[in-house]
Amino acid sequence: MYHAVRMSQPSSEIPDVERDVDTLPALAVSYSDRASADADVLAVIGFGRTASVDHPRFFRVHLEPLNENAPRFEVWRASGEVRHGRDRDVQWMSDGDYSMAVVELDEAAHGGVIEATRHAYASLVAWVRASATPHFLRIWNYFDAINDGKGDEERYRRFCSGRAAGLGPTFAGNYPAASAIGSRNEKKRVQVYAIAARVPGTAVENPRQWSAWRYPRKYGPTAPGFARGMRAPTHSPQLYISGTAAVVGHASHHADDIDAQLDETMKNLESLLQSAQSKTALGHGAGDILKVYVRHPEHVALIESKLRGRLGATVPMVLLHGDICRAELLLEIDGVHTG
Ligand code: 3EB
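### Let's talk about the confidence of the model for the protein chain
Residues of the protein chain with pLDDT of at least 70 account for 94%, and the chain-wide mean is 93. Below a pLDDT of 50 lies the segment residues 1-20, which in the model reaches 25 contacts outside its immediate sequence neighbourhood of four places, other chains included.

### Concerning the layout of surface pockets
One water molecule sets the probe size; rolling that probe over the atoms shows where empty space is left. Looking at the largest pocket, its volume works out to about 360 Å³. Every residue lining the largest pocket is counted, 22 residues in all, and those nearest its centre are Tyr156, Tyr215, Cys325, Arg326 and Leu329. For the lining of the largest pocket, the elements supplying multiple residues, two or more each, are helix H4 (155-167) and strand E9 (177-183). Looking at the lining of the largest pocket residue by residue, the classes come out as 12 nonpolar, three polar and seven charged.

### Some remarks on the environment of Gly201
The topology assignment puts Gly201 in the loop between strand E10 (189-197) and strand E11 (202-204). A sequence separation of 167 residues divides Gly201 from Arg34, and the C-alpha atoms of the two residues are 30 Å apart. When near neighbours in sequence (up to four residues on either side) are disregarded, Gly201 contacts Leu137, Met230, Arg231 and Pro233.

### Observations regarding the side chain of Ser99
Tracing the backbone through its elements, the reader meets Ser99 in strand E7 (residues 98-106). Assessed through its relative accessible area of 1%, Ser99 is described here as buried. A polar contact is formed between the side chain of Ser99 and the side chain of Thr133, at a distance of 2.7 Å. Setting aside residues no more than four positions away along its own chain, Ser99 makes contact with Leu42, Met93, Ser94, Trp127, Thr133, Ala194, Ile195 and Ala196.

### Considerations on the environment of Asp38
Examined against the element boundaries, Asp38 turns out to sit in the loop between strand E1 (28-32) and strand E2 (41-47). Taking the C-alpha atoms as reference, Asp38 lies 20 Å from Val102; in sequence the two are 64 residues apart.

### Concerning the sheet that holds strand E3 (residues 58-61)
As summarised here, the arrangement of the four strands in space is E1-E4-E2-E3, forming an open sheet in which the pairing is mixed. Both outer strands of the open sheet, E1 and E3, are each paired with one neighbouring strand and no more. Between one strand and the next, the sheet's axes are offset by a mean angle of 25°, whatever the strand orientation.

### Let's talk about the nonpolar core
Soluble globular proteins: nonpolar side chains tend toward being buried together. Among the nonpolar cores identified, the biggest contains 75 residues, and Leu42, Phe59, Trp76, Met100, Tyr193, Ile195 and Tyr240 are the most heavily contacted of them. With eight residues, the top contributor of residues to this core is helix H3 (residues 113-130). Beyond its immediate chain neighbours, meaning those up to four positions away, Leu42 contacts Leu27, Arg57, Trp76, Arg77, Ala78, Val82, Met93, Ser94, Asp95, Tyr98, Ser99 and Met100. Grouped together as the second largest cluster of nonpolar side chains are 24 residues, Val204, Val292, Val294 and Ile333 included.

### Structural notes on the packing of H3 against H4
Closest axis-to-axis distance for the H3/H4 pair is 7 Å, and the angle between their directions is 35°. The hand of the H3/H4 crossing is right-handed. In this structure, H3 contributes Val113, Ile114, Thr117, Arg118, Tyr121, Ala122 and Val125 to the contact, and H4 contributes Arg155, Arg158, Phe159, Gly162, Arg163, Ala165, Gly166 and Leu167. In terms of residue class, the contact of H3 with H4 is built from eight nonpolar, three polar and four charged.

### Some thoughts on the pattern of salt bridges
Tallied over the entire structure, the rule returns 20 salt bridges. The shortest N-O distance in the salt bridge between Arg118 and Glu115 comes to 2.8 Å. Here Arg118 and its partner Glu115 are both found in helix H3, three residues apart, which amounts to about one turn of the helix. Residue Arg118 is classed as partly exposed on the basis of its relative accessible area of 30%. The residue Arg310 makes a salt bridge to Glu270 at a minimum N-O spacing of 3.4 Å. Remark: Glu270 occurs in helix H5 (residues 258-275) and Arg310 occurs in helix H6 (residues 300-311); sequence separation between them is 40 residues. Judged by relative accessible area, which is 38%, Arg310 ranks as partly exposed. Overall, Glu270 belongs to the partly exposed group, its relative accessible area being 41%. A single salt-bridge network, built from bridges that share partners, covers Asp259, Asp263, Glu270, Lys306 and Arg310.

Thresholds applied
- Residues numbered from 1 in each chain as written.
- Predicted model: local features only at pLDDT ≥ 70, side-chain atom pairs only at ≥ 80, totals over all residues.
- Heavy atoms only, no water.
- pLDDT = per-residue confidence, 0-100.
- Contact = heavy atoms within 4.5 Å.
- 1 Å grid on protein atoms, 1.4 Å probe; cavity = no way out; pocket = protein on both sides within 12 Å on 5 of 7 lines; lining within 4 Å.
- Points joined across faces, edges and corners; volume = space filled by probe spheres on them.
- Helix = DSSP H or I, 4+ residues; strand = E, 2+ residues; numbered from the N terminus.
- Nonpolar A, V, L, I, M, F, W, Y, C, P; charged D, E, K, R; others polar.
- Buried < 20%, exposed > 50% of the residue type's maximum accessible area, 1.4 Å probe, protein only.
- Polar contact = N/O pair within 3.5 Å; in protein donor to acceptor, adjacent residues only side chain to side chain.
- Pairing = 2+ DSSP bridges.
- Axes fitted to C-alpha atoms, helices over the stretch in contact; angles between N-to-C directions.
- Core = buried A, V, L, I, M, F, W, Y, C linked by side-chain atoms within 4.5 Å.
- Left-handed = near helix turned anticlockwise from the far one by under 90°.
- Salt bridge = Lys/Arg side-chain N within 4 Å of Asp/Glu carboxyl O.

In structure tokens, the structure reads:
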């Protein structure tokens, strides 16, 4: 594809005229203690219970921040003026180049985790495809009790089946970047939110890891539909990094060893950035930002100090209390790498 080829070249070699044709200004994402209501704010996401705010483009994720002085909000900024609304189950915000679309459903009201997930995905796909921004770049999935259930009854595996049913066949082998994390609320809900764009991005896979959508049968009846990363269709390079854990090939490594899982995860992240032809290391791009999902709060100090040691003191990161989709995995990292 013309687009994919062009995006693999350094932007300095692309003539200005061509660059302006169908690439977008990059979204800016930051953590903040303020829920800015500026006109260019695409969305404000509040972390956990404490974050509560009256803002037209606000939504909350039900994961509690764990690090000291953790920011309360994640703020996404676009370039144009942002409009917002609600279309049945979909809360949306858009500047015409990018959209954020959010669906949160009560499982009990929608026939359980599979059916609620299918419904959430079908709603998102219908809204995004009919919008000015029909191309998915990035999806986050948060739902409760992700590891409950044995074998193929595990809720993550059932979620994967609902997701595949809701996405439909058109996504096969052409998935957006994603994270899937377990929250811990008694009232079981499925929350799915997506960034979509007017111009398609380019999916990136990781040579250290099997593509998730090709995972063997033993991990469940329906392989997880996501790409390891997505290069945004931006003037200068921007990479959406999927949830990354200590999975090598298709197997989890270092069960119950947080130190080794963190090292393996960092290797996976470095490998993904190489595969995306990134010019800068993780934490050293312009505006890099990370989310670290942590299963056991007692691991927070170790994880934070190791990450700070490797990435420097300034890269914005929030550590969130969340369960990973395989019971033996203790942490997962996602983020955005710009440049
Ligand atoms: C893995 O590598 C870890 O199901 O959307 C990471 C990112 C993981 C996204 C998803 C799952 C998902 O398989 C788990």
